[in-house]
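# Summary of structural features
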Amino acid sequence: MLMAKLPIHTAASMTNALVDTIQLPNQPTGVELYLYRGDKEHPDAPGNKWHKLKHHLQRALWEGYTYIATFGGPYSNHIHAFASSCSKAGLMPLVVVRGETAPQLTPTLKDAVAAGAILFPSLRKDYRLGLNASVKAAIDQEYGRVYWVPEGGGGDLGVQGCRDWGYEIGQRTQALGCDAWAVAAGTGTTAIGLAQAQQVENLCIFSALQGASVQHQQIVEQVGQGKTCLSFWDDDWNGGFGKLSDSLRQFIEVFHELNPSVRLDPIYTGKALYKINALMGSGRWQYTRTLMIHTGGLQGWRGFNG
Ligand SMILES: *Cc1c(COP(=O)(O)O)cnc(C)c1O
């Protein structure tokens, strides 16, 4: 009978190509760590970025837009994912780049241009105004109907895509029986969506920002009531967003030696696992089976010389 040929689903065989077992230097025995390989999904927009953009792209196409626009820094993972995903979807990507009118294109921006994006430099002062920036008004004037995606791909549609992602991850990893998921946060959109999916008892959020108690509050409010318990850490040790301390760089190297098939990014996933490792070292990691969500971001290394 055909049935007899079906594989036996042990935890190991259920662990599909998108889940790896990983090791941290301070990991106590009996404590398991798994990595959901978001970095291996969607080659053009790995990690969380495609999920955050998905519903924005659908809406822009559905509503018949030709032009789609967003904001981002010169090394932004969001811009990188935005340019290629929009072009592939048949939309023309317009990108407002933060900073003084850069004399040189970064590798991230070169990729964006190669993917078909048109770049608009902006002054920081204007950029900060977001949807009220004068560069935004100028683009609307020139192109007419433009669909705007908020900086970082957030908003309700961004959350919705991450909620979908949470269901998918939940299904793919159910057999592991994890008691916690861990995820890095910038805007918090991804964390909110994953929490709303209600697939796990505990969600541990590691902010890449410093002094993020306001953000913690916002995340808690947006997630609302549910069975997933949230805990939150901010970057109180590494000097804040976009900083790469020597100890973090060292940790990322040691991690790679222990887990040769995995690379971490310097801004989000590297920091989150550094913190988990520190918590394990001081006996404060209270979960036995944790799934860390790899949110991608490896192209961001190009802003740190190697
Ligand atoms: C953008 C990004 C994040 C942050 O996602 P938010 O939804 O803004 O919190 C986390 N990890 C990586 C690698 C990213 O590129």
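Quick look at the structure, then.

Reading guide: rules and limits
- Counting restarts for each chain: residues are numbered from 1 in the order of the written sequence.
- Local features in a predicted model are, by the rule used here, given only for residues with pLDDT of at least 70; side-chain atom pairs are given and counted only at 80 or more, and totals for whole chains, interfaces and linings are based on all residues.
- Just so you know, side-chain values use all the structure's heavy atoms and leave hydrogens and water out.
- Stacked, tilted and edge-to-face are the three classes assigned to paired rings of Phe, Tyr and Trp, where Trp is represented by its six-membered ring and a pair needs centres within 6.5 Å; plane angles under 30 degrees give stacked, over 60 edge-to-face, the rest tilted.
- Where helices and strands are cited, they refer to DSSP runs of H or I of at least four residues and of E of at least two residues respectively, numbered from the N terminus.
- The buried label goes to any residue with under 20% of its type's maximum accessible area, the exposed label to any with over 50%, and the partly exposed label to all in between, with areas taken from a 1.4 Å probe on protein chains only.
- Counted as over-ring charges are cases with an Arg CZ or a Lys NZ within 6 Å of the ring centre that also lie within 35 degrees of the ring normal.
- Strand pairing requires that DSSP identify at least two bridges connecting the strands.
- Classification remark: right-handed applies to a crossover when, strands pointing away from the viewer, the course from the first strand over the helix to the second runs clockwise.

This paragraph deals with the packing of aromatic side chains. Throughout the structure, instances matching the rule amount to 14 aromatic pairs. Taking 6.1 Å as the distance between ring centres and 35 degrees as the angle between the ring planes, the aromatic pair formed by W233 and W285 counts as tilted. One end of the pair, W233, is in strand 9 (residues 229-233); the other, W285, is in the loop between helix 11 (269-281) and strand 10 (289-293), with 52 residues separating them in the sequence. We classify W285 as buried; its relative accessible area is 9%. One aromatic cluster is present, built from ring pairs that chain together F206, W233, W285 and Y287. Across from the ring centre of Y268, 5.8 Å away, lies the NZ or CZ of K49, which sits over that ring. A cation over a ring is seen here: R145 above Y65, with NZ or CZ 4.0 Å from the ring centre.

What follows deals with the pairing of strand 3 (residues 67-72). With five of its six residues buried, strand 3 lies for the most part within the structure. Direction of pairing for strand 3 relative to strand 4 (residues 92-97): parallel, over a ladder of six bridges. Its bridge partner lying in strand 4, A69 is registered against L94. Handedness of the strand 3-helix 3 (residues 77-88)-strand 4 crossover: right-handed. Bridge count between strand 3 and strand 6 (residues 146-148): three bridges; the pairing is parallel. Bridging from a neighbouring strand, A69 pairs with W148 of strand 6.

Of all six residues making up strand 7 (residues 180-185), six are buried, and the element is well covered by its neighbours. In this sheet, strand 8 (residues 202-207) lies alongside strand 7 in parallel orientation, the contact comprising six bridges. Pairing of A185 across the sheet is with S207, part of strand 8. One crossover worth recording links strand 7 to the parallel strand 8 by way of helix 8 (residues 189-196), and it is right-handed. Of the strand pairs in this sheet, strand 7 and strand 10 are connected by three bridges, and their pairing is parallel. Across the sheet, residue A182 finds its bridge partner in strand 10, namely M292.

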